[in-house]
Amino acid sequence: MRARALVKRYGGREALRGVSLSADAGELVAVIGPNGAGKTTLLSILAGILEPDAGTVDVEAGEVGWVPQQAGLYRRLTVEENLLLFARLEGHEDPRGSAEQMLELCGLAERRGEVVGRLSGGNQQRINIAIGLLSRPRVLLLDEPSVGLDPRQRARLWEFVSALADGGTTVVFSTHDIQEAERYGGRLLVLADGESLFDGPAEELRGAVRREAQAPEAAERDFETAFVAYLHHRGH
Amino acid sequence: MRWLLLKDLQILRRSPLQAALLVAYPILIAVLVGFAISRDPGEPRVAFLNEVPADSRISVGGEQLPSSNVNARICRKVECVDVADREEAEARVSSGDVLAALILPANLVDQINSLSTLTPGVPEVEVLVNEEDPVKAGLVSDRIDALLAQANLLLARRIAREGSRYLELVIDGGKLSLIGQEFPILGLRASARILAALEPALEPSLRPALRQVTKFAGEARENLDVAGPLLDRLAQPIRVEKVAVGGSAPPLEIFAIAVAATLTLAFVTVLLVAGSLALEREENAFPRLAGRLVSPTALLGEKVLLGVAVGFAVTLLLLGGLAIFVPLQWDRIGLWLVAILVGAGALSAAGAALGAVAREVRAVSLLAFMVTLPIAFLSLVPSGAVGATLYDAIRIVTALFPFKPALQAITGALDSAGDGIGLPLVHLAALAVVYGAIARLALRRFSAV
């Protein structure tokens, strides 16, 4: 997936200012940054939901699986009915087979008949991701997938996502949890005020804090401290 | 699109209370409004105190009416509640148990009887009303005015009839009953005849004078012949002849059924479509659907189809139920179906436009109620009921929403003698296109994340 010089404006405000991103098969890319940095806007453009005002995205719409921040599910339908509906809308030849496969994948086969509204936030997020995967995407876009999950649910979520990446799916996710980005993101894209500040592995960011920001103490502490020091050094 | 439709029906099935409310509430409202429009308001309860002595008789022109006859005439128009005295009448009016109290004073019959004498009195009745409620006060005032008008008309006719009888006596002669005795009256006709017979026996010099008297008797008779019908007309000088020059009003029960059906159709379609569309965004499914899987236009089409299908079924159910009580012309069912389908389409498009404006189902439901209910009631305001300028404004407002044309189409479809349904259908089709375009534009605004 290649995105080049993306620009998006909301009225007079520039939400994205020439952001570029590339990701190879099986790569896990974390998009991080403060509130209003443009993370959701970037993912929405990559998903084809938003049109950029300038720039290009080289990925077929059918190759992208989109998992919005808030689960896009019908809470009055059962787990199976949700999966079946989206499999049918995806035009699968065997929607029941596809739904069955996703039920196994997200570990909710036993709870297929339960109404989604009665499931925990973590389980809803798993179905949310499973629906995103129904299009059998080569690229999976996750917008803050771990928000509202407890540590156990979060661990299961990342285990699930990592397995997808290991299978060759390109995963791009946004998060506010810096530790999570360091742990699971093979690469980090740091955005602030719609601008791309950094693109590389977490260790490179620590190195930049050490060398460019001249804050070796911050670089040696937890990753969140190093990240804040980097933002401060870049004027944010 | 069919999978989305199936999904919406599944969601409706999963929400039995919501589905029941969606269907039951409009039907309840529709039936109540229908009954309110079609039914007579009923006889108002009036406390009745008759202080007239039981042996009194109303006597007009020698004909006597028993006082019970008066009671019966009054109580035919209102529901009479007999009271013992004035205090009880006042208490019942104050408590709201009765709408008003009618008191016939003891001297009423004497006063009425005096109308045919040389010293006529003024018969009066007393009415007690409770005017705490302006609507009720107006209703009571109208009822009492109508009652008095009928009573006055009855007496005037009897007095006029008596006057005519006296005129006939003057013209043709006869017997006059007075104080239990009968007096012979010669009459103008017989007088002229006698005078004419006397003429040959008179001296020639006296004959011209006698001819003048005979001529006068003849002229007086002819003129009094004309006065008789005039006296009859005095009782009711103006008669009303109603001629319908505009529109052809359907029978009241047909109109009431059309109102009930249109109200049901409007509420079911507008609420369902608006709520269902808002639900797509409330559940965050809209970006997922409209981004790639379904075009916004197809999504709108599915919602309109949902509204048409459910609205059509519920309205037909309502008509079928009402047909048990009121005979409907089943041979016109083809027109019903067309009117309901096109009406449902336009109302669903309006619902889609409302649903596309707001994000939450609750906000959209409130908006749909706030728009549909007043528009429905404004659509029922007849011309002449309000000022001309206000009515013009109401016509414009109601023309912008599909309720009134849907009502016209359904009324026309139900009533074989009514106006055609062509124009309302064209109106509905145009509104469907406009509201569809508004909904599409509004959805584009919401496609941004």
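Now for a look at the structure at hand. Just so we're clear, the structure is a prediction, and the values are computed from it rather than from any experiment.

## Comments concerning the sheet that holds strand β6 (residues 139-143) of chain A
Residue and element names in this part refer to chain A. Taken together, the 6 strands give an open sheet; going across it, the order is β5-β6-β7-β3-β8-β9, and neighbouring strands pair in mixed fashion. The open sheet terminates on both sides in strands that have one partner only, identified here as β5 (64-67) and β9 (195-200). Between one strand axis and the next, the sheet turns by 15° as a mean value, whatever way the strands run. Across 4 bridges, the pairing between strand β3 (residues 28-32) and strand β7 (residues 170-174) is parallel. Bridge pairing links Leu28 to Val171 in β7. Helix α7 (residues 202-211) rests against β8 (187-192) and β9 of the sheet, and its axis sits at about 115° to β9.

## Focus on unusual backbone geometry
Phi at Glu144 of chain A is positive, roughly 45°, even though this residue is not glycine. With respect to the helices and strands, the residue Glu144 of chain A is situated in the loop between β6 and α5 (151-166).

## Remarks on the pairing of β7 of chain A
Residue and element names in this part refer to chain A. A large share of β7 lies buried, amounting to 5 of its 5 residues. Burial along β7 is two-sided: Thr170, Val172 and Ser174 and Val171 and Phe173, pointing in opposite directions, are all buried. Sheet topology places β6 next to β7; 5 bridges connect them, and they run parallel. If you follow Val139 over to β7, its bridge partner there is Thr170. Note that the unit made of β6, α5 and β7 has a crossover that is right-handed.

## Points about helix α12 (residues 333-357) of chain B
Here α12 of chain B spans 36 Å end to end across 25 residues, near enough to the 36 Å set by a 1.5 Å rise per residue. Of all 25 residues in α12 of chain B, 19 are buried; the element is thus mostly enclosed.

## Re the sheet that holds strand β6 (residues 126-129) of chain B
Residue and element names in this part refer to chain B. Strand order across the open sheet formed by 4 strands is β4-β1-β5-β6, with mixed pairing between neighbours. The two strands at the open ends of the sheet, each matched to only one other strand, are β4 (79-82) and β6. On average, each strand axis in the sheet is tilted by 30° relative to the strand beside it, whichever way the strands run. Of the strand pairs in this sheet, strand β1 (residues 45-50) and β4 are connected by 4 bridges, and their pairing is parallel.

## Here's the deal with the environment of Pro327 of chain B
The residue Pro327 of chain B is located in the loop between α11 (296-322) and α12 in this model. The exposed category is assigned to Pro327 of chain B, around which 9 C-beta atoms lie within 10 Å.

Calculation criteria
- What you see as residue numbers is a count from 1 along each chain, following the sequence as written.
- The lettering of chains begins at A and the numbering of ligands begins at 1, in the order of writing.
- Thresholds applied to this predicted model are a pLDDT of at least 70 for local features of residues and 80 or more for the giving and counting of side-chain atom pairs; totals over whole chains, interfaces and linings are not thresholded and use all residues.
- A pair of strands is treated as paired once DSSP finds two or more bridges between them.
- Going along the chain from the N terminus, every DSSP run of H or I of four or more residues is numbered as a helix, and every run of E of two or more is numbered as a strand.
- Axis lines are fitted through C-alpha atoms, for helices just across the contact stretch, and the angle between N-to-C directions can take any value from 0 to 180 degrees.
- Throughout, a residue-residue contact means that the two C-beta atoms, derived from backbone geometry, are no farther apart than 7 Å.
- With C-beta atoms placed from the backbone, a residue is buried if 20 or more other C-beta atoms are within 10 Å of its own, exposed if 12 or fewer are, and partly exposed between those counts.
- Every crossover in which the path from the first strand over the helix to the second runs clockwise, viewed with the strands pointing away from the viewer, is termed right-handed.
- The span you would expect from a helix comes to 1.5 Å times its residue count less one.

Fair warning: the whole summary comes from geometry, so function is off the table for now.
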